[in-house]
Amino acid sequence: MKPDSSKTLLGLDLKELSQLVEQAGEPTYRARQLFQALYGERVEAVDDLTTLPTTFREALTAEGRVIGLPKIENKFVSTDGTVRYLMSFPDAQSVETVWMPEGDGGEAGDGSEDEAAGDGAMAGEAPTQRHSWSRASICVSSQVGCAVDCQFCLTALLGVKRNLSAGEIVGQVSAVLKDNQAVPRQDRINLVFMGQGEPFLNYDNFMKSVRLLVEGIGIPASRMTVSTSGIVPRIQDFAAEPIRPRLAISLNAPNDEIRTRIMPINRKWNLSMLMEAAREYPLKSREVVTFEYVMLGGVNDSLENAREVLQLIRGIKAKVNLIAWNPGPEVPFQTPEQSQVLAFQKVLIEGGVPTFIRRPRGRDIFAACGQLKRTVSAS
Ligand code: SAH
Ligand code: SF4
């Protein structure tokens, strides 16, 4: 039987739940109870909605309503504590979501990049150590596959299969939190929308998921980062959002010639359009624009290229994250020498731009940037 996604509860916001409750002839406050159970308690089945009366639960079941958490099909655990999850949806499509614990039992903090951590702990928050890790990041997918076709990225080889719904985006986070017994209001959880897909080509669902993650799951937007390959009109829309994650832009090249070669999307929105959007982006206090730069040996990693990057981002309150290319089969690039990455970083830092080298996580299980969707059976 074809799955009926209109019966899925996960992904509905308070307004939609209020409509559902009203149609069922239940009192309005039940919508809040449902919202809390779905996002705050992360229940897995309609039968577990124990704050609701049995009659209402039975009515939901009779209508064919389901919670709609994705199913964890497979789990790959790295030597560094990173876990790559293969999650499937009722239509048999699947995506990957990555759990990256840090501190103590997880990776030791070594001063390298911590994506959405600019904010530090919230005021008055005294983190209690309930786990072997002290904080963690979840790398979330926004689409099944990706249409953008960056030449260095493994996900690109799939093409795009479909967008994820808001419920499927939130569901990845819920499922990973549950599996690790993590509780956002107690544990320090960061989200990075850097898994499969281009979030800004699934903009409405992505933004709805952000609101549900903030209001329902309880992760502040300041602890989230979204990465885009440079969908300029959506960067402009995003700038106007009242609640929004931090912005990261995949720059990846020092000039149009190289960028068009490795990121065909540059033909549509070239560097001058992209940098103008970045320049006009209204930063909140303590915010910066992050530029990601995948270093491809012999392609974009020369010191001359670093000086070009400095020129490009001049005048923007920015930081740069350098990512040494993570290899994948059938992708014809080379990882640069570490010495080259350090020399490149030095040029940027001396030019006044804070520049970090992103530590690869879970390379051994193909969980690092651009390596997702390596091991999927028939897709
Ligand atoms: N689609 C979005 C977000 C996901 S990719 C985007 O492209 O921004 C997250 C980051 O990984 C991007 O900066 C991308 O350029 C980088 N990346 C892709 N493939 C990579 C690879 N093989 N090695 C290292 N980084 C890669
Ligand atoms: Fe898509 Fe990002 Fe990979 Fe480019 S780097 S193909 S935008 S997932």
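In the block above lies the structure referred to throughout.
This section reports on the structure supplied with the text. (Residues numbered from 1 in each chain as written. Chains lettered and ligands numbered in written order. Predicted model: local features only at pLDDT ≥ 70, side-chain atom pairs only at ≥ 80, totals over all residues. Heavy atoms only, no water.)

So, the pairing of strand β2 (residues 83-88)
Within β2, six of the six residues are buried, which leaves it mostly tucked inside the rest of the structure. Of the two faces of β2, the one holding V83, Y85 and M87 and the one holding R84, L86 and S88 are both buried throughout. In terms of strand pairing, strand β1 (residues 71-77) meets β2 through six bridges, oriented antiparallel. Following the sheet pairing, I72 is matched in β2 by M87. Counting the residues in the hairpin turn of β1 and β2 gives five residues, including G81, whose phi is positive at 95°. (Buried < 20%, exposed > 50% of the residue type's maximum accessible area, 1.4 Å probe, protein only. Helix = DSSP H or I, 4+ residues; strand = E, 2+ residues; numbered from the N terminus. Pairing = 2+ DSSP bridges.)

Remarks on the pattern of salt bridges
It is possible for side chains bearing opposite charge to pair when their charged atoms get close. Tallying each qualifying case throughout the model produces 19 salt bridges. Here E44 makes a salt bridge to K178, at a shortest N to O gap of 3.7 Å. Of this pair, E44 sits in the loop between α2 (29-40) and α3 (54-62) while K178 sits in helix α4 (residues 166-179); the two residues are 134 residues apart in sequence, bridging distant segments of the chain. For E44, a relative accessible area of 52% translates into the label exposed. Between R65 and E63 there is a salt bridge whose closest N-O contact spans 2.9 Å. A network of salt bridges, in which partner residues are shared, links D80, E102, R359 and R361. (Salt bridge = Lys/Arg side-chain N within 4 Å of Asp/Glu carboxyl O.)

Concerning the site of ligand 1
Residues in close proximity to ligand 1 total 18 residues, the closest being G197, S227, S250, N252 and N326. Between N326 and ligand 1, the recorded distance is 2.8 Å, taken from a backbone N or O atom to a nitrogen atom. Here ligand 1, which alone exposes 540 Å², has 95% of that area covered by the protein. When contributions to the shell around ligand 1 are tallied by element, the ones reaching two or more residues are β8 (224-228) and β10 (289-295). Its residues assigned to classes, the shell around ligand 1 shows seven nonpolar, nine polar and two charged. (Near = heavy atom within 4 Å. Polar contact = N/O pair within 3.5 Å; in protein donor to acceptor, adjacent residues only side chain to side chain. Areas by Shrake-Rupley, 256 points an atom, 1.4 Å probe, with all protein chains shown as cover. Nonpolar A, V, L, I, M, F, W, Y, C, P; charged D, E, K, R; others polar.)

A few points about the site of ligand 2
The immediate surroundings of ligand 2 are formed by C146, V148, D149, C150, C153, A156, G197 and S229. Among the residues forming the shell around ligand 2, the class breakdown is five nonpolar, two polar and one charged.

A look at the nonpolar core
Membership of the largest hydrophobic core comes to 108 residues, with the highest contact counts inside it found for W99, F152, I189, L191, F193 and F291. Here this core gets eight residues from one element, more than from any other, and that element is helix α5 (residues 203-217). Both domains that meet at this core, namely domain 1 (14-62) and domain 2 (71-365), each give it at least three residues. For F291, the residues in contact, after removing those within four places along its chain, are I249, L251, M275, A278, I313, I316, A318, K319, V320 and N321. V98, C139, A248 and I365 belong to the second largest nonpolar core, which has eight residues in total. (Core = buried A, V, L, I, M, F, W, Y, C linked by side-chain atoms within 4.5 Å. Domains from an automatic or database assignment. Contact = heavy atoms within 4.5 Å.)

Digging into the sheet that holds strand β12 (residues 355-357)
Spatially, ten strands are ordered β1-β2-β3-β4-β7-β8-β9-β10-β11-β12 in an open sheet, and the strand pairing comes out mixed. Edge positions in the sheet fall to β1 and β12, since each has one partner strand and no second. Averaged over all neighbouring strand pairs, the angle between strand axes comes to 20°, with direction disregarded. With five bridges connecting them, strand β4 (residues 135-139) and strand β7 (residues 188-193) associate as parallel partners. Note that in β7 the partner of S137 across the bridge is N190. Docked against the sheet, α5 engages β7 and β8, running at close to 180° with respect to β7. (Axes fitted to C-alpha atoms, helices over the stretch in contact; angles between N-to-C directions.)

Topic: the packing of aromatic side chains
One pass over the full model with this rule turns up nine aromatic pairs. Each ring, one from F200 and one from F238, has its centre 5.1 Å from the other, and the planes form 50°; the classification is tilted. Pair noted here: F200 is in the loop between β7 and α5 and F238 is in helix α6 (residues 232-239), with a separation of 38 residues, a long-range link. A ring pair is formed by Y293 and F344, whose centres lie 5.1 Å apart and whose planes are at 35°; its orientation type is tilted. In this pair, Y293 is assigned in strand β10 and F344 in helix α10 (residues 338-350), connecting sequence segments 51 residues apart. (Phe/Tyr/Trp six-rings, centres within 6.5 Å; stacked < 30°, edge-to-face > 60°.)

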